[in-house]
Amino acid sequence: MTNILIRTLFLATVAMTVDILWGYLGILTFGQSAFFGIGAYACGLIFTHYGFGPGWALAALTIGIASAALVAAAVGWLAFFHGVSPLYASIITLALPIVVTQVIFSGGNFTGSSSGLSGFPTYYWPLNIWFWIAGTFLVLTTTAGWLLVRSDFGRVFVAIRENEERCAYLGVPVSRIKIMLMIASAAVASAAGFGYAAFSNVVAPELAGFQLGTEFLIWTALGGRGTLLGPVFATIGIDTMSSWLSGTLPFLWKLLTGVAFVAVIVLLPRGLAPIVGNMMRRLLPTRTAATRSVTLETATSSGRGRVDEGDVPPLRIAALSRQYGSLKVLQDVTMVGHVSELLGIIGPNGAGKTTLMRCISDGSERSGGTVEVNGVDIGRGAPQRAVALGIGRSFQNTSLFDTLTVAECLMLSRYRIDGAPLSHRRDSVVLPEPALDILRATGLDQRLGDETRFLSHGMKRGLELAMVLATEPSVLLLDEPTAGLTRAERMVIGDVLTRLKVTFGMCIILIEHDLDFVREISDRVVVLHQGSMLMEGTVEEVVASDLVKAVYAGHQTETPA
Ligand SMILES: Nc1ncnc2c1ncn2[C@@H]1O[C@H](COP(=O)(O)OP(=O)(O)OP(=O)(O)O)[C@@H](O)[C@H]1O
């Protein structure tokens, strides 16, 4: 029995890493068994073929961790650096255990092929010593994992899981964080594999196999994704029970586990841990979590601050085009955005306004032409590059993080500039003056501890704007910021935008359907029609134009070539 328990303690450590990747970061990975197997085989191969002793043990552990980290970096790069869908990333992790198992099979006498390696020299310590080693390893790694997911850096994981696209447009290096976490999880899984092999003195291809990789997912789902302790206890409970049932009820136990898995997924999609948590809260009603109080502080300028007039305009777009197959959505768009200017972009539905915003804020979007921000070409870079150069973009539909609080959303927006601690939470949010301005104007400064899903639509729009301003942009792209707002809320936003322009010298590019709002606050207007610039001029010129009236009235109009 102790033998089984020691094995499950090593496996529980791996399940904990699966929970961090899947439950917190949203990466459905089948590949953790491969890293467990790599660690186990590093031990088996070195003890069998090279030597045994403290030095060799340390070498095997180091080689196992380094190999797993290298493989994880390669898999992470393939899975996350090519803009592939999450499904494709999961398929890559699914292929990994199959590949590693095949490598083991083809290793002949060196890897022991399908029989694996056994009987190699190892530390034949009493079981209670191994139990303490495995238990301490589990407690230490789980504590580190717990500190990590509860830290401000851990909140970034949740933000990525909930809204990866928004994170990218806030400048959060999503792919790099995913790869880093994958490498760290692989290292822990490999160390667990090493421990398991040194204890059991048997390694077999199954340790790196697809079945074990899937079992980790099942244990995590049963225990409760995103709870950390749930998967640990589920692994210990189910693996121990499985070992016992496989002896007394051979063939039936797998069916029972499968049925339990399906039942929990259907009836309790969040797993068993939340139920246990609720029961504990009922039994210990006085131990409610205290709401953290977070304060606001003014940031000292990170270098952008007020934008001053220079030779280089903050935004210069030349001959920009965008095609989807043969459909030309934008053609030859050329415009300049100046310091302290609010440039309204108007045009009927489908004119290409949102596409233009996408092309300015993401280098991979446009088909041709150039976009320069503060004199630097954004090239083909991801949204993070545009953010780093000074672009801030808000979305047409409010795009936030439901389970994050207002303060957490604001801290996330500062990730590019301030980073996030790995082991604790900060109790103050440091923001630039424009972002603080918005929070005060909308009353959000009084709601810092509230989760964003409890905010009104107007407050969500305000928070989104504050988050964009927290990244300290010099060019602000706003896609219908007043959509769905009351007149009073529209006026607040209008005042704030005017202040941003006048006081902070920002260049604001505003897409709006509300022409009265555009007329009130814009310095200049560009009219887009069927992907081309129909007209550019002052508000008065545009409003007086018969051509624009005809376009808005839906008459067929020839666009300039
Ligand atoms: N991914 C895509 N694939 C194919 N066509 C697309 C894609 N995205 C946008 N389009 C097309 O590009 C055109 C411009 O769309 P866009 O959303 O930029 O217009 P818009 O001016 O912002 O409209 P609205 O005012 O309704 O938001 C539309 O005809 C749209 O159908």
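Remember, predicted model here, so these are calculated numbers, not experimental data.

Enquirer: Would you explain the packing of helix 2 (residues 32-49) against helix 10 (residues 210-223) in this entry?
Expert: Angle between the axes and distance between the axes: these two values describe a pair of packed helices. Look at helix 2 against helix 10: their axes get within 7 Å of each other, and the N-to-C directions meet at 120 degrees. The pairing of helix 2 with helix 10 is recorded here as oblique in orientation. Seen along the crossing, helix 2 lies across helix 10 with a hand that is right-handed. Counted together, Gln32, Ser33 and Phe36 of helix 2 and Leu212, Gly213 and Phe216 of helix 10 form the full contact between these two elements. A class-by-class count of the residues in the contact of helix 2 with helix 10 yields three nonpolar, three polar and no charged.

Enquirer: Quick question: what am I supposed to make of the domain arrangement of the protein chain here?
Expert: Think of interface size as the accessible area that goes away when the parts come together; that is how it is often given. Its domain assignment divides the protein chain into domain 1 (2-208) and domain 2 (339-366 + 380-552). On a C-alpha basis, the centres of domain 1 and domain 2 stand 42 Å from each other. Taken together, the contact pairs 23 residues of domain 1 with 31 residues of domain 2. Here domain 1 packs against domain 2, burying approximately 2,400 Å² in sum over the two surfaces, 60% of which is carbon and sulfur. Taken together, the links from domain 1 to domain 2 amount to three salt bridges. At the junction of domain 1 with domain 2, the criterion picks out 14 residue pairs in polar contact (both at pLDDT 80 or more).

Enquirer: Explain the site of the ligand here, please?
Expert: As a structural note, the neighbourhood of the ligand is formed by 14 residues, with Asn349, Gly350, Lys353, Thr354 and Thr355 the closest of them. In the environment of the ligand, an oxygen atom lies 2.8 Å from a nitrogen or oxygen atom belonging to the side chain of lysine 353. Here threonine 355 contributes a side-chain N or O atom positioned 2.5 Å from an oxygen atom of the ligand. Coverage of the ligand by the protein chains reaches 62% of its 640 Å² of free accessible surface. When residues of the shell around the ligand are traced back to their parent elements, those giving at least two are strand 5 (327-337) and helix 14 (353-361). Among the elements that take part in the shell around the ligand, helix 14 stands out by supplying four residues, more than any other. Residues belonging to the shell around the ligand are distributed by class as follows: five nonpolar, seven polar and two charged.

Enquirer: How do you make sense of the pairing of strand 11 (residues 475-479) when you look at a structure like this?
Expert: The side chains of a regular strand alternate between both faces of the sheet. Here strand 11 lies mainly inside the structure; five of its five residues are buried. Of the two faces of strand 11, the one carrying Val475, Leu477 and Asp479 and the one carrying Leu476 and Leu478 are both buried. Pairing geometry for strand 9 (residues 391-394) and strand 11, over four bridges, is parallel. Considered in strand 11, the bridge of glycine 392 is made with leucine 476. Examined bridge by bridge, strand 11 and strand 12 (residues 507-511) share five bridges and lie parallel to one another. Residue pairing across strands places leucine 478 opposite leucine 510, the latter belonging to strand 12. Crossover strand 11 to strand 12 through helix 20 (residues 487-504) is right-handed.

Enquirer: Quick question: what am I supposed to make of the sheet that holds strand 14 (residues 532-537) here?
Expert: To summarise the sheet geometry, strands pair through backbone hydrogen bonds and adopt either a parallel or an antiparallel arrangement. Strands sit in the order 9-11-12-6-13-14 across an open sheet of six strands; the sheet is mixed. The sheet is open, and its two borders are formed by strand 9 and strand 14, each paired with just one other strand. Each strand axis lies, on average, 15 degrees off the axis of its neighbour in the sheet, ignoring direction. Against the sheet, helix 20 makes contact with strand 6 (341-346), strand 11 and strand 12, and its axis sits at roughly 150 degrees relative to strand 12, the strand it touches most.

Enquirer: Which parts of the structure should I look at to understand the pattern of salt bridges?
Expert: If the charged atoms of two oppositely charged side chains come close together, the side chains can form a pair. If you walk through the whole model with that rule in mind, you get 21 salt bridges. One salt bridge in this structure joins glutamate 162 and arginine 161, with 3.9 Å as the shortest N-O distance. For arginine 161, a relative accessible area of 36% corresponds to the partly exposed category. A salt bridge links arginine 316 to glutamate 372, with the nearest nitrogen and oxygen atoms 4.0 Å apart. Of this pair, arginine 316 sits in strand 4 (residues 315-324) while glutamate 372 is found in strand 7 (residues 368-373), placing the two residues 56 residues apart along the sequence. Note on arginine 316: relative accessible area 37%, which makes it partly exposed. Judged by relative accessible area, which is 26%, glutamate 372 ranks as partly exposed.

Enquirer: Just checking my understanding: could you explain the packing of aromatic side chains for this structure?
Expert: Geometrically, a pair of aromatic rings is defined through the distance of the ring centres and the angle of the planes. This structure, assessed with the given rule, holds 16 aromatic pairs. Ring geometry for phenylalanine 47 against phenylalanine 120: centres 6.4 Å apart, planes inclined by 65 degrees, an arrangement best described as edge-to-face. Of this pair, phenylalanine 47 sits in helix 2 while phenylalanine 120 sits in the loop between strand 1 (117-118) and helix 6 (127-150), placing them 73 residues apart in sequence. The exposure class assigned to phenylalanine 47 is buried, which follows from its relative accessible area of 2%. Residue classification places phenylalanine 120 among the buried positions, given a relative accessible area of 2%. On the basis of an interplanar angle of 15 degrees and a centroid distance of 4.6 Å, the ring pair of tyrosine 123 and tryptophan 125 is categorised as stacked. An aromatic cluster of three or more residues is present, and its members are Phe47, Phe52, Phe120, Tyr123, Trp125, Trp130, Phe194 and Phe199. Between arginine 225 and the ring centre of tryptophan 22, over which it is positioned, the NZ or CZ distance is 4.6 Å. Just above the ring of phenylalanine 395 sits the side chain of arginine 393; from NZ or CZ to the centre is 4.4 Å.

Enquirer: Please explain the environment of threonine 442 as it appears in this structure.
Expert: The residue threonine 442 is located in helix 18 (residues 433-442) in this model. Expressed as a C-alpha distance, the spacing of threonine 442 and glycine 458, which sit 16 residues apart in the sequence, is 8.3 Å. Dropping the residues within four chain positions of it, threonine 442 is found in contact with Met459, Gly462 and Val492.

Enquirer: Which parts of the structure should I look at to understand helix 4 (residues 86-105)?
Expert: In an α-helix, one turn spans 3.6 residues, which is why side chains three or four residues apart end up on the same side. Between its first and last C-alpha, helix 4 extends 30 Å over 20 residues, near the 28 Å set by a 1.5 Å rise per residue. Taken as a whole, helix 4 has its buried residues at Ala89, Ser90, Ile92, Thr93, Leu96, Pro97, Val100, Thr101 and Ile104. Packing partners of the buried residues in helix 4 comprise helix 2, helix 3 (54-80), helix 5 (108-111), helix 9 (174-200) and helix 10.

Procedures and definitions
Residues numbered from 1 in each chain as written. Predicted model: local features only at pLDDT ≥ 70, side-chain atom pairs only at ≥ 80, totals over all residues. Heavy atoms only, no water. Axes fitted to C-alpha atoms, helices over the stretch in contact; angles between N-to-C directions. Helix = DSSP H or I, 4+ residues; strand = E, 2+ residues; numbered from the N terminus. Parallel < 35°, antiparallel > 145°, perpendicular 65-115°, else oblique. Left-handed = near helix turned anticlockwise from the far one by under 90°. Contact = heavy atoms within 4.5 Å. Nonpolar A, V, L, I, M, F, W, Y, C, P; charged D, E, K, R; others polar. Domains from an automatic or database assignment. Buried area = accessible area lost by both parts, 1.4 Å probe. Salt bridge = Lys/Arg side-chain N within 4 Å of Asp/Glu carboxyl O. Polar contact = N/O pair within 3.5 Å; in protein donor to acceptor, adjacent residues only side chain to side chain. Near = heavy atom within 4 Å. Areas by Shrake-Rupley, 256 points an atom, 1.4 Å probe, with all protein chains shown as cover. Buried < 20%, exposed > 50% of the residue type's maximum accessible area, 1.4 Å probe, protein only. Pairing = 2+ DSSP bridges. Right-handed = clockwise from strand over helix to strand, strands pointing away. Phe/Tyr/Trp six-rings, centres within 6.5 Å; stacked < 30°, edge-to-face > 60°. Lys NZ or Arg CZ within 6 Å of the ring centre and 35° of its normal. Expected span 1.5 Å × (residues − 1).

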